[in-house]
Amino acid sequence: MPEEKAQGAGREAQGKEEGARDKGVGKDGGENPVPLSASPLEPSSLAPCALRPAPCRIGVFICHCGSNIGGIVDVPAVVEYASRLKDVVHAERNLYTCADDGLTAIKTAISKHGLNRVLVASCTPRTHAPLFRRTCEAAGLNQYLFEFVNLREHCSWVHMREPARATEKAKALVKMGVARARLLERQEEPVLDIEPAAMVLGGGVAGLSAALSIANQGFPVHLVEREPELGGMAARLHRISPTYRNAREVVGPVAEAVSAHPDIRLHMPATMTDLSGYIGNFEVTLSTGEKFRVGSIVVATGADELRPDGLYGWGQLKNVVTQMELERLMAAGPFTRPKSVVMIQCAGSRGQKVSYCSKRCCFTAIKNAILLKEESPDTEVHILHNEIHVYGVAFEKEYRRAQELGVRFSRYSPEKPSVSEQNGRLNVNFYDEGLRRERDLPADLVVLSTPLVARPEAEELSKMLKVPLGQDRFFFEAHVKLRPVDFATDGIFICGTAKGPTNIGECVEQALGAASRAAIPLAKGRVRVEAITSRVNTDTCRGCGRCESECDYHAISLVPVNDAFGNRLVARVNEGLCKGCGKCSSICCNRSISLRHFTTPQIMAMVEAALEEG
Amino acid sequence: MEAESPSGVAGKAAPGFEPKIVAFCCNWCSYAGADLTGVSRMQYSPNIRIIRVMCSGRIEPNFVLRALELGADGVLVAGCHIGDCHYISGNKEAEKQIARTARLLEILGVDKRRLRLEWISASEGQKFANTVNAFTKEVRELGPAGYGRK
Amino acid sequence: MSAEKEAAVKSTKAYYCVECGKCTGICPVSRGLEYSPRRMVKRALEDPELEFVRDSQIWNCLTCKLCSGVCPSGVDYIDFIRIVRSRAHAQGLSGSCSQGGQLSTMARMMASDRLAQGRNFWTEGLEVAEKGELMYFVGCLPYFDTVFEDLRPDTLDIARSTVKVLNAAGIRPVVSPAERCCGHDLLWSGDVESYRALARQNIREMKRLGVKTVVTSCAECYRTLSRDYKEMGADLEVKHISQLAGELLDQGKLKVKSSGKKVTLHDACRLGRHTGVYDPPREVLRKVAELVEMPRSGPAASCCGVGAFLTCGAHSKRIQVERLIEAGAAAPVLVTECPKCQIHFKCALRDKPVPGAKLPELEIIDLSSFLARNLEAGKP
């Protein structure tokens, strides 16, 4: 009975399909001209009056992912289990299904076993689905007949201490995937034209680099900067580590090149106030009232330096400044050299106001300490730290140079130091871990190495762009390793400190990466968009209007028709506007509208398989 | 079949009882959050079976009811935080549908704690693990829901 | 001939079909959908293994029974469909349920022995008993208000009104928290097994409570309890509220006043054509209102468009719109005798209006609710 029940939903879908096929072309002649679920097989094998669709032939590929999955889950046992599931005609395991030989195995099996469904059980669809879908397409199998099961992020990595139960769960997940795979339908993706222009949000060093790169590839760029001048935070720095070049000398030429570029249009000062549309066709409205269309968007809105209100006497005691304030003092020209400078690292970060390491403060402090020392060797510079993070060859060298120049490094912990004023001079009190005792350092200047923090505007911007922010309210990329400058949303890219603290060199690297990514759809001119959109069965639609009024994208409208059911209204979906959330599917009183690739029978089949014994 | 219990909860769990839990996660936030849990190697109970939907607004009352009918002991619905929905307001629809489903469970006499709605973002790997662990523990203590195992 | 086929064509007299097509002519579904009762019977006769049950068309029938009234050969078409659907169900097939199937899922869940519903939350302020000879079978009313939240059908008003009417006549009906769905929708969806489980449990519960008479405010419950439960061995006297209220009025135990309103009555198929109860609701209504009949009434009454919450669609909407216009032409108030008819009509009434088709301003109210609003103050 359970097996029979698991099939129920599928047959129900087939029943509907038969109904639709009986009628051939949809009654209004347009909305549903094809049967509700098209067969994955060649048209020749589709007898027009066949009541039963062609049988499913499912191939299952289980990935060891080296030892990531195979080290926990008993992969051979899962393969053996999968091979016994109904409609599975081939099951195998691969060391890495995503590697060349794994992909070749999929292609070979599709032709050798006549597969009309492919299931890969490996990592997460959020990163690897496109690869496997392309592989299926290359082997002649519609990519929507591919099913993904997540055995790594959702199984082996989270049940590392329970291999037996992880294996049991892996089997269940594969069974659920097979149940859904049976009901998958072939889909054709709509092809949309791309507006061959890009928008870059932010005119700092990242935004400037991205804009210049896209424009140099031959596409018009709208650069939107909220301040009245270009350059962002980098332009406010003094000298840049590790080259010690003047910041203005570095940023200035880029800003000039941007200003002079015939294909870059500056919108400054301006912010984006509204955004609609999708990859290839974003409609932008600015605070200036200007409106334009772009095909892709690069977000480079930067970060702020934390205002250390209430920390170490900043804002209350004279001569307590942040590193940025110190840079400005130094940039303004010679100032009275203090006798003693104390820098406090991790001021506000790593557990104080924010939890993370801001990554750039250690080398910034070292750079400024060296500058002070070089100009005034007698000045005592102390850097009080929790540990020094200077990564990579260049920064490590600077650390050593600072030590050679006599900069003193002392580790404070576990408590952060405190700053007070004594007899008109600053005093820094801290527990020196190296000496294992409390110390007092008199200082003429206390410099706080404060972290970069997300800009408050990021909240609103993330909502407008429909892209996520992370826990620390910086923008959150699609994948930290594999898609570092992409958002999960097509056509929108991220670079620079808007994504998290980083140095100027890395900002530029990211900007060039994002620019290249953003130019891909522009260069192609057309883009295929997901076929995960809603579809209406006009024979059953009652024309109640709920989907129309509930759709946040205005993708559904009721249109009058006059057919066998009389003069009436039916829902119609604009595929270009439909985003594929499926809200309409869940509110339709009689399942007349259905989200492709996430249909009720497909979801229900997974529920049934998840709960079926054995 | 064991004796009926007055609360609708099937009573104390037999030793070794492992609840079956079905979870519906939206693609953009909670499924991604669950991915992050994995990437961070945070551990949680393996009782859960995740079903991916594009948006929590896709979840119908009957998905929950059918899961319970077929023997689920708990159903977790997870979506983006209110205001962060990838699809503007899909999670508000989910909130409405789940509230309605909870009311139906109350009339049916199914303990409402068997249905949980959580907002878990793509960066909340720890929250995902904590939620699954807490929910599994709670459902384990509630004992078998008792449908679907005849 | 297989046993299934024998059941489907012999017990329902489908054998005797003369292919006159009157059934298809009167069938409200066949006017929109491609659907022909005549052809369904013909296909059954020609198909030794009843393979045609895989055809989704078998789910289109409303089981409204209009066809039986015109069949010269006495073919019991709706029973034929019921048997065909049970055969389809056995093959794992099902029709499309309204509201995503949640009602039938809940009905199946109610078949569990462990059930401990909280369904009696609405009885506050009313006189109900835990045990006794007369039971009010509430049906799915406690669930409807939540399932159809957006329609705001206030179906619980029907339950409260029914008890109010009984209380006014000095009756404290049994209202059992262990009552389950009567199983009507599952039976007509072909899920005979779950229907039987529900029926057995209801019958056992009624026996335990000492119930001899059951009163319902739902036409589908009435048909199921009075007809189908008999086959399950139930020994019960079953009355629709209109029948019991009529008796109480005749006996002088219930006093009502005239509302002064003009009303029309929609016959529910389960009460009218299925079980022949046409007059009691009319007699009761005439005591509280001026009853104006619609052109299609009694045995010729139109259907509400959906049966057993199955296969609602564009054809249903058309049937509903026509009926609402017909009702509006007769009176400003439409009285229903089945909560499901009421839900279907209210659904069509709230839809986005079709350009050019003006729906009437209608008050739709259940018979029990209408009666309860016109009780004479002070008990006799």
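As the structure is a computational prediction, the values presented were derived from the model and not from experiment.

What counts and what doesn't
- Residues numbered from 1 in each chain as written.
- Chains lettered and ligands numbered in written order.
- Predicted model: local features only at pLDDT ≥ 70, side-chain atom pairs only at ≥ 80, totals over all residues.
- Heavy atoms only, no water.
- Disulfide = S-S within 2.5 Å.
- Helix = DSSP H or I, 4+ residues; strand = E, 2+ residues; numbered from the N terminus.
- Buried < 20%, exposed > 50% of the residue type's maximum accessible area, 1.4 Å probe, protein only.
- Contact = heavy atoms within 4.5 Å.
- Buried area = accessible area lost by both parts, 1.4 Å probe.
- Salt bridge = Lys/Arg side-chain N within 4 Å of Asp/Glu carboxyl O.
- Polar contact = N/O pair within 3.5 Å; in protein donor to acceptor, adjacent residues only side chain to side chain.
- Nonpolar A, V, L, I, M, F, W, Y, C, P; charged D, E, K, R; others polar.
- Patch = residues over 30% accessible without salt bridge, like charges linked within 9 Å, V, L, I, M, F, W, Y side chains within 5 Å.
- Areas by Shrake-Rupley, 256 points an atom, 1.4 Å probe, with all protein chains shown as cover.
- Axes fitted to C-alpha atoms, helices over the stretch in contact; angles between N-to-C directions.
- Left-handed = near helix turned anticlockwise from the far one by under 90°.
- Domains from an automatic or database assignment.

(A) A look at the state of the cysteines. Considering all chains together, one arrives at 1 disulfide over all chains under this definition. One disulfide in the model links C29 of chain B with C80 of chain B; its S-S distance is 2.4 Å. Since a negative S-S torsion denotes a left-handed disulfide, the C29 of chain B-C80 of chain B link at about 100 degrees is right-handed. In this pair, C29 of chain B is assigned in the loop between β1 (21-26) and α1 (30-39) and C80 of chain B in the loop between β3 (74-79) and α3 (90-108), connecting sequence segments 51 residues apart. One exposure class covers both C29 of chain B and C80 of chain B, and it is buried. With no disulfide partner, C541 of chain A has as its closest neighbouring cysteine sulfur the one in C547 of chain A, 6.2 Å distant. On the basis of relative accessibility, which here comes to 8%, the residue C541 of chain A falls in the buried class. Just so you know, C23 of chain C is unpaired, no disulfide at all, and the nearest cysteine sulfur is the one on C20 of chain C, 6.1 Å from it. On the accessibility criterion, C23 of chain C (18% relative accessible area) is buried.

(B) Spotlight on the interface of chain C and chain B. Listed as interface residues are 23 residues of chain C and, on the opposing side, 28 residues of chain B. The junction of chain C with chain B conceals about 2300 Å² of combined surface from both sides, 58% of it contributed by carbon and sulfur atoms. Area buried by chain C at its contact with chain B is led by M109, R114 and T146 of chain C, which between them contribute 34% of it. Linking chain C to chain B there are 3 salt bridges. Residue R108 of chain C is joined to E69 of chain B by a salt bridge in which the shortest nitrogen-to-oxygen separation is 2.8 Å. The tally of links between chain C and chain B comes to 6 residue pairs in polar contact (both at pLDDT 80 or more). Those elements giving two or more residues to the side of chain C that touches chain B turn out to be α6 (102-109) and α7 (141-147) of chain C. Looking at which element gives the most residues to the side of chain C that touches chain B, the answer is α6 of chain C, with 5 residues. Here the residues of the side of chain C that touches chain B sort into 9 nonpolar, 8 polar and 6 charged.

(C) Inspection of a nonpolar patch on the surface at higher detail. Residues and elements named next belong to chain C. The grouping of Y15, Y16 and L45 at the surface amounts to a nonpolar patch, some 290 Å² of accessible area in total. The topology assignment puts Y15 in the loop between α1 (3-10) and α2 (22-26). A relative accessible area of 37% means that Y15 is categorised as partly exposed.

(D) Local environment of the pattern of salt bridges. Tallied over the full model, the rule gives 80 salt bridges over all chains. Here R119 of chain C makes a salt bridge to E179 of chain C, at a shortest N to O gap of 3.2 Å. With R119 of chain C in the loop between α6 and β1 (134-137) and E179 of chain C in the loop between α8 (156-168) and α9 (184-188), this residue pair connects regions lying 60 residues apart in the sequence. Across the pair, E179 of chain C and R119 of chain C agree in class, each one buried. Among the charged side chains, a network of salt bridges with common partners joins R133, E137, E189, R528 and E530 of chain A.

(E) Just the packing of helix α2 (residues 61-69) of chain B against α3 of chain B, in detail. All names here are of chain B. Between α2 and α3, the shortest axis-to-axis distance is 9 Å and the interhelical angle comes to 40 degrees. The element α2 and its partner α3 pack so that their crossing is right-handed. Of the residues in α3, those touching α2 at P61, V64, L65 and L68 are Q97, I98, R100, T101, L104, L105 and L108. Residues of the contact of α2 with α3, tallied by class, amount to 8 nonpolar, 2 polar and 1 charged.

(F) Summary view of the domain arrangement of chain A. All names here are of chain A. For chain A, the assigned domains are domain 1 (49-183), domain 2 (194-302 + 455-527), domain 3 (320-451) and domain 4 (534-595). With centres defined by C-alpha atoms, the gap from domain 2 to domain 3 works out at 33 Å. The interface of domain 2 with domain 3 comprises 15 residues on the first partner and 20 residues on the second. Contact between domain 2 and domain 3 buries roughly 1600 Å² in total, counting both sides, with carbon and sulfur atoms accounting for 62%. By the criterion of area lost to domain 3, the three top residues of domain 2 are H238, Y244 and P501, representing 37% of everything that side buries. The tally of links between domain 2 and domain 3 comes to 1 salt bridge. Here E506 ties to K359 by a salt bridge, and the two come within 3.3 Å at their closest N and O atoms.

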